[in-house]
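# Summary of structural features
Given next are the chains, with one letter for each unit.
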Amino acid sequence: MNNKAIGLFDSGVGGLTVLKALMQILPNENYIYLGDTARLPYGTKSKETIIRYALQCTEKLMENDLKMLIVACNTVSSVALPAIKEKYPDVEIIGVVEPGAEAACNATKNNHIAVLGTQSTIQGKAYDKAILAINPKATVTGKACPLFVGMAEEGISQGFLAEEMAKHYLNDILKQENKPDTFVLGCTHFPLLKDAIQNVVGKDIQLVDSAQTTAKKVFASLQTTNSLAENTSPFMHFLTTDDVAKFKAVGEPFLGISLDKSHVELVDL
Ligand code: DGL
């Protein structure tokens, strides 16, 4: 048993989809979540900037006595995970790319997988590498869908606009002769648009959500090391680098429950 907190961070509120998945299967854990909302989006920034921001977020979270760090951001997991692991070799650090890649490889039948993400995630090709390491026969088609991020934050995640945007990004892939049978939602914001994307791609295509698979990986890892918590009144603490009220308002749909403002703290990195 280990009652220390699990730290997780994202460029903003998107990583709350990972926290939501974690809370469902690990409800007795303490969580400290950092959302770098002042500097979102990371997905359009250079590799150097993403690494610098990611190390600052990690350093802030490491001020707490953590048992594990989860990089709940696809862009950071794609671009900066090796740099974080190198700087903190003694802490268990889990990103969202490998669990997502594993789930996609389990789901595909025709070995053709599409990865949807931010520009940096797609350019970094971390999903391609992770998928090919598991299934060398796979074909990976990456597609940057940056406007999905703003749409999810604006609450435009279903209906006409969301579906038109999904068509705009995905029609070329869907017209391919041997089109992918599995799409990875390789960005923390995309699970909010899951229904709209599913309506556009059709029900025969499987959508893989890296939040769910990451939570399963965390559970398995804590179980293996005998480190599951048994907190009777577990806490959730939130750190944000921009407005607290906005973090609450934009974050709630991602977390799926109402967020107590007194648990959100404004921090500077
Ligand atoms: N959290 C980012 C990701 O999962 C999306 C938002 C951003 O671009 O910072 O890739």
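In this report, the structure presented in the accompanying data block is examined. The structure presented is a predicted model; accordingly, all values stated were derived computationally and were not measured.

### Quick word on the nonpolar core
Within the largest apolar cluster, 54 residues are counted, with the highest numbers of intra-cluster contacts made by Leu16, Leu170 and Phe183. If one sorts the elements of this core by residue count, helix α9 (residues 160–175) sits on top with 7 residues. Beyond its immediate sequence surroundings of up to four residues, Leu16 is in contact with Tyr33, Phe238, Phe247, Gly251, Phe254, Leu255 and Leu259. Counting residues in hydrophobic clusters, the runner-up holds 23 residues, among them Tyr42, Ile50, Tyr88 and Leu239.

### Here's the deal with the sheet that holds strand β9 (residues 236–240)
What the 6 strands build is an open sheet, ordered β4-β3-β1-β2-β9-β10; its pairing is parallel. Among the strands making up the open sheet, the edge pair consists of β4 (93–95) and β10 (264–266). Direction aside, the axes of adjacent strands within the sheet are offset by 20° on average. By the bridge criterion, 5 bridges tie strand β1 (residues 5–10) to strand β2 (residues 31–35) in an arrangement that is parallel. Paired with Leu8 across the two strands is Tyr33, which belongs to β2. Sheet strands in contact with helix α2 (residues 47–61) are β1, β2, β3 (66–71) and β9, and its direction is about 155° off that of β1. Packing of helix α11 (residues 210–224) onto the sheet brings it into contact with β1, β3 and β4, and relative to β3 it is tilted by some 155°.

### Quick word on the pairing of strand β8 (residues 206–209)
Taken together, the 4 bridges between strand β7 (residues 182–185) and β8 define a ladder with parallel strand orientation. Across the sheet, residue Leu185 finds its bridge partner in β8, namely Asp209. After leaving β7, the chain enters helix α10 (residues 194–201) and then returns to the sheet as β8, a path that is right-handed.

### Considerations on helix α12 (residues 244–255)
Taking 1.5 Å per residue as the helical rise, α12 with its 12 residues ought to reach 16 Å, and the 15 Å between its terminal C-alpha atoms agrees with that figure. What α12 keeps buried is the set Val244, Phe247, Val250, Gly251, Phe254 and Leu255. On an axial view of α12, the arc spanned by its buried residues comes to 140°, and they lie on one face. Looking at the buried side of α12, the elements it contacts are α1 (16–25), β2, α8 (147–153), β9 and β10. Regarding α12, its N-cap is Asp243, as a side-chain oxygen of that residue lies 3.0 Å from the backbone nitrogen of Lys246 further along. Just downstream of α12, Gly256 is the residue with a positive phi angle, here 80°.

Reading the values: the criteria
Residues numbered from 1 in each chain as written. Predicted model: local features only at pLDDT ≥ 70, side-chain atom pairs only at ≥ 80, totals over all residues. Heavy atoms only, no water. Core = buried A, V, L, I, M, F, W, Y, C linked by side-chain atoms within 4.5 Å. Buried < 20%, exposed > 50% of the residue type's maximum accessible area, 1.4 Å probe, protein only. Helix = DSSP H or I, 4+ residues; strand = E, 2+ residues; numbered from the N terminus. Contact = heavy atoms within 4.5 Å. Pairing = 2+ DSSP bridges. Axes fitted to C-alpha atoms, helices over the stretch in contact; angles between N-to-C directions. Right-handed = clockwise from strand over helix to strand, strands pointing away. Expected span 1.5 Å × (residues − 1). Arc of directions from axis to C-beta. Polar contact = N/O pair within 3.5 Å; in protein donor to acceptor, adjacent residues only side chain to side chain.

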